[in-house]
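Close look at the chain arrangement
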Amino acid sequence: MTDGIDIEGLTKRYGELTVVEDVSFTARSGRVVGLLGRNGAGKTTTLRMLLGLARPTSGRATIFGHPYPELPRAAHRVGVSIDGIGPSAAGSGRADLRIWAKTLGLPRTRVDDVLEQVGLAADAHRKIRDYSQGMRQRHALATALLADPELLILDEPANGLDPDGIRWLRELLRSLADEGRTVLVSSHLLAEVEQMADDIVILQKTLRYSGTAAELTRNGAVSLESRFFDLVGPAVKENAHA
Ligand code: ADP
């Protein structure tokens, strides 16, 4: 299968420390896939390996059948929001997007379209460094959406958003998936993911669950929160020795 993300047996060790171990899952078009786990569970490391920003110790990760760095037109086809890639914060929200649009060969009008789409049109002239965390999240999303990509990879996109922002994000991701895109979104906020994800991947260094949200919660009969703790264990203590 090559119509989304394929992760197979992905493992990452830093010296003696294994932070991701033998993780496999897929993300398909038309689906919002929530990548869930506690802080330190390995979510960002998994996304970094998927994007070629960290080298897997073993296993492989592909997007549309290619490792991301070898994917033709990757920057057009895949929208990314992850720490460490992004604007310098020195320029205005609009200026930064214009640079990125130029790099991608996109018309300037796209910049105004996405600023409107993420609700930043009125603040587009302000410096990114003066943005609130929620505004930065919206700006990062605008960057990810600029090329109208087929697939989105968003690391903790709800962090810093207020309740209106979270609702807006949920509706935006839903509509992007309904248009046939693949959306992989990491989060440690269970309630938010419960509301938006079709499929759930739970990580706690190893894979604890990969499948539909409906199956996980038995069609809503059990809360995602209780299923999450069943699968990853309740204990911060146990975690410290894992
Ligand atoms: P999450 O995104 O789920 O919060 P991360 O993938 O950021 O988790 O981190 C998983 C674990 O890997 C953490 O214990 C973190 O300290 C460790 N880690 C991440 N990057 C490095 C690195 N470059 N060197 C050593 N350890 C790292």
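An unreviewed UniProt entry annotates the protein chain as ABC transporter domain-containing protein of Streptomyces glaucus. UniProt annotates the protein chain under Sequence similarities (unreviewed entry) with the comment "Belongs to the ABC transporter superfamily."

**Things to note about the sheet that holds strand β7 (residues 182-187)**
Each strand in a sheet pairs with its neighbour through backbone hydrogen bonds, running either in the same direction (parallel) or in the opposite one (antiparallel). Pairing in this open sheet of six strands is mixed, and the strands run β5-β6-β7-β3-β8-β9 from one edge to the other. On the outer flanks of this sheet lie β5 (78-81) and β9 (206-212), each paired with one strand and no other. With direction set aside, neighbouring strand axes in the sheet form an average angle of 10°. By the bridge criterion, four bridges tie β5 to strand β6 (residues 151-155) in an arrangement that is parallel. Residue Ser 81 lies in a different strand from β6, and its bridge partner there is Leu 154. Each of β5 and β6 is contacted by helix α5 (residues 133-145), which is oriented at about 165° to β5, the strand it contacts most. Against the sheet, helix α6 (residues 163-178) contacts β3 (32-36), β6 and β7, and its axis sits at roughly 150° relative to β7.

**Structural notes on the packing of helix α3 (residues 93-104) against helix α4 (residues 109-117)**
Where α3 meets α4, the axes come as close as 9 Å, and the angle between the chain directions of the two elements is 130°. Here α3 is positioned oblique relative to α4, judged by the angle of their axes. Between α3 and α4 lies a crossing of right-handed hand. For the pair α3 and α4, the contacting residues are Gly 93, Arg 94, Leu 97, Arg 98 and Ala 101 in the first and Arg 110, Val 111, Val 114 and Leu 115 in the second. Class assignment of the residues belonging to the contact of α3 with α4 gives a composition of five nonpolar, one polar and three charged.

**Section: α6**
With 16 residues, α6 extends 23 Å between its outermost C-alpha atoms, agreeing within 8% with the 22 Å of an ideal straight helix rising 1.5 Å per residue. By the burial criterion, the buried members of α6 are Leu 169, Leu 173, Leu 176 and Ala 177. Seen along its axis, α6 keeps its buried residues to an arc of 95°; they face one direction. For α6, the exposed residues set more than 90 degrees away from the buried face come down to Pro 163, Asp 164, Glu 171, Ser 175 and Asp 178.

**Looking at the site of the ligand**
Around the ligand, the structure places Tyr 14, Val 19, Gly 37, Asn 39, Gly 40, Ala 41, Gly 42, Lys 43, Thr 44 and Thr 45. Broken down by element, the shell around the ligand gets its largest block of residues, three residues, from helix α1 (residues 43-50). Residue composition of the shell around the ligand, by class: three nonpolar, six polar and one charged.

**A word on the nonpolar core**
Formed by 66 residues in total, the largest nonpolar core has its most connected members in Leu 50, Ala 142, Ile 153, Val 183 and Leu 184. For this core, the element with the highest residue contribution is α5, accounting for six residues. Those residues in contact with Ile 153 that lie beyond four places of it in its chain are Leu 47, Leu 50, Leu 51, Val 78, Val 80, Ile 82 and Leu 184.

Rules used in this analysis
- Residues numbered from 1 in each chain as written.
- Predicted model: local features only at pLDDT ≥ 70, side-chain atom pairs only at ≥ 80, totals over all residues.
- UniProt positions renumbered as here; feature names shortened; annotations may be inferred.
- Pairing = 2+ DSSP bridges.
- Helix = DSSP H or I, 4+ residues; strand = E, 2+ residues; numbered from the N terminus.
- Axes fitted to C-alpha atoms, helices over the stretch in contact; angles between N-to-C directions.
- Contact = placed C-beta atoms within 7 Å.
- Parallel < 35°, antiparallel > 145°, perpendicular 65-115°, else oblique.
- Left-handed = near helix turned anticlockwise from the far one by under 90°.
- Nonpolar A, V, L, I, M, F, W, Y, C, P; charged D, E, K, R; others polar.
- Expected span 1.5 Å × (residues − 1).
- Buried ≥ 20, exposed ≤ 12 C-beta atoms within 10 Å, placed from the backbone.
- Arc of directions from axis to C-beta.
- Near = placed C-beta within 6 Å.
- Core = buried A, V, L, I, M, F, W, Y, C linked by C-beta atoms within 7 Å.

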